[in-house]
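Listed here are the chains, written in short residue letters.
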Amino acid sequence: MINQKTAVTLGSFDGLHKGHMKVIACAFEMQQKHGFLPLVLLFDKHPMLSVAGKAPDTVLQPVLRDEIISETGAGKRIISFRDVKNMSCREFFEEILLERLNAGGICCGWNYRFGKNNEGGCEELRALCEEYGVIFEISDRVDFEGAPISSTRIRQ
């Protein structure tokens, strides 16, 4: 458990493209407004490896990704996706975000999914945050040439 309240960023962060950086910037805004520690939540392996047995090609090697995150000044926590892949949205929120990471604020992208079988999205996360008094921000999508920037699009 972390003693200081955190502003946890949620996403895959496999490419650290402009969309990811906007989510991380949200955590720094929460730091300025509320004193929360900006924290990037990462998984040890790409979720698709556990779900489908094969992960997409890496956009950034983890060492470079971690270096870029460190350069932003945000902290990071790496958790095992296998440990959380069967958690409901509520279990993930309560056990990981609240208990383990001491979230006072949560930032995610417009298309964030979580919980077993991706059962939840931004609206479910917003409802949990409201229930527990956690500040919640959704970063708008970032477009390039009329379409959202995404790791999938970058790979293509």
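Further up the page is the structure itself.
Keep in mind that this is a model prediction, so the values were computed, not measured. Per chain, residue numbering runs from 1 following the sequence as it is written. Predicted model: local features are reported for residues with pLDDT of at least 70 only, side-chain atom pairs are reported and counted for 80 or more only, and whole-chain, interface and lining totals are derived from all residues. With hydrogens and water excluded, all non-hydrogen atoms of the structure serve as input to the side-chain values.

Draft legend 1. Looking closely at the overall build of the protein. Runs of H or I in DSSP of at least four residues are treated as helices and runs of E of at least two as strands, each being numbered from the N terminus. Counting its regular elements, the protein contains seven helices and seven strands. Taken from N to C terminus, the helices and strands of the protein fall in the order β-α-β-α-α-β-α-α-β-α-β-β-β-α. Taking 2.2 N^0.38 as the reference for a compact globule, 156 residues should give roughly 15 Å; the C-alpha atoms of the protein span a radius of gyration of 15 Å, in line with that estimate. With respect to the principal axes defined by its C-alpha atoms, the protein has extents near 40 × 35 × 30 Å. Relative accessible area decides the class of each residue, using a 1.4 Å probe on protein chains only: under 20% of the type maximum gives buried, over 50% gives exposed, and in between gives partly exposed. Looking at the protein as a whole, 41% of its 156 residues are labelled buried. The contact criterion used is simple: two residues touch if any of their non-hydrogen atoms lie within 4.5 Å. Of the contacts formed within the protein by residues at least 6 apart in sequence, a portion of 73% connects residues at least 24 apart. Working note: accessible area of the protein is about 8600 Å², and carbon and sulfur atoms make up 48% of it. By the counting rule applied here, Lys and Arg register as positive and Asp and Glu as negative, while His and the ends of each chain are not counted. Charge placement uses NZ in Lys and CZ in Arg. For Asp and Glu, CG and CD serve respectively. Computed over 19 positive and 21 negative side-chain charges, the separation of the two mean positions in the protein equals 4 Å. Each radius of gyration reported is based on C-alpha atoms, and the globular scaling rule is 2.2 Å times the count of residues to the power 0.38. Only the protein chains shown count as cover for residues, and the accessible areas themselves come from Shrake-Rupley with a 1.4 Å probe.

Draft legend 2. How the structure looks around the environment of A74. Here A74 shows up in the loop between helix 3 (62-72) and strand 3 (75-79). The sequence separation of A74 and A103 amounts to 29 residues, and the corresponding C-alpha distance is 14 Å. Ignoring any residue separated from it by four or fewer positions in sequence, one finds A74 in contact with F28, P38, V40 and I69.

Draft legend 3. A look at the pairing of strand 5 (residues 135-139). In terms of strand pairing, strand 4 (residues 103-109) meets strand 5 through five bridges, oriented parallel. Bridge pairing in strand 5 places I106 opposite F136. Here a crossover is taken to be right-handed if, once the strands point away from the viewer, the path from the first strand over the helix to the second is traced clockwise. Since strand 4 and strand 5 lie parallel, the crossover through helix 6 (residues 122-132) that links them has a hand, and here it is right-handed. Following DSSP output, two strands are said to pair if at least two bridges run between them.

Draft legend 4. Quick look at a negative patch on the surface. The grouping of E91, E95, E99, E119 and E124 at the surface amounts to a negative patch. Broken down by element, the residue count for the negative patch peaks at three residues, all from helix 5 (residues 89-100). One can find E91 in helix 5. Like-charged residues within 9 Å of one another, or nonpolar side chains (Val, Leu, Ile, Met, Phe, Trp, Tyr) within 5 Å, are grouped into patches, provided each residue has over 30% relative accessible area and no salt bridge. Salt bridges are identified by distance alone: a Lys or Arg side-chain nitrogen within 4 Å of an Asp or Glu carboxyl oxygen.

Draft legend 5. Fine view of the state of the cysteines. Two cysteine sulfurs form what is called a disulfide whenever their separation falls within 2.5 Å. Across all of its chains, the model carries one disulfide by this definition. With a sulfur-sulfur separation of 2.4 Å, C26 is cross-linked through a disulfide to C107. Of note, the bridge from C26 to C107 carries an S-S torsion of about -75° and is left-handed in sense. Highlighted residues: C26 in helix 1 (residues 18-34) and C107 in strand 4, separated in sequence by 81 residues. Each member of the pair, C26 together with C107, is buried. Left without a disulfide partner, C122 is nearest to the cysteine sulfur of C108, which lies 3.9 Å away. Residue class for C122 comes out buried when judged on its relative accessible area of 10%. No disulfide involves C129; its nearest neighbouring cysteine sulfur is the one of C108, lying 8.3 Å away. Assessed through its relative accessible area of 1%, C129 is described here as buried.

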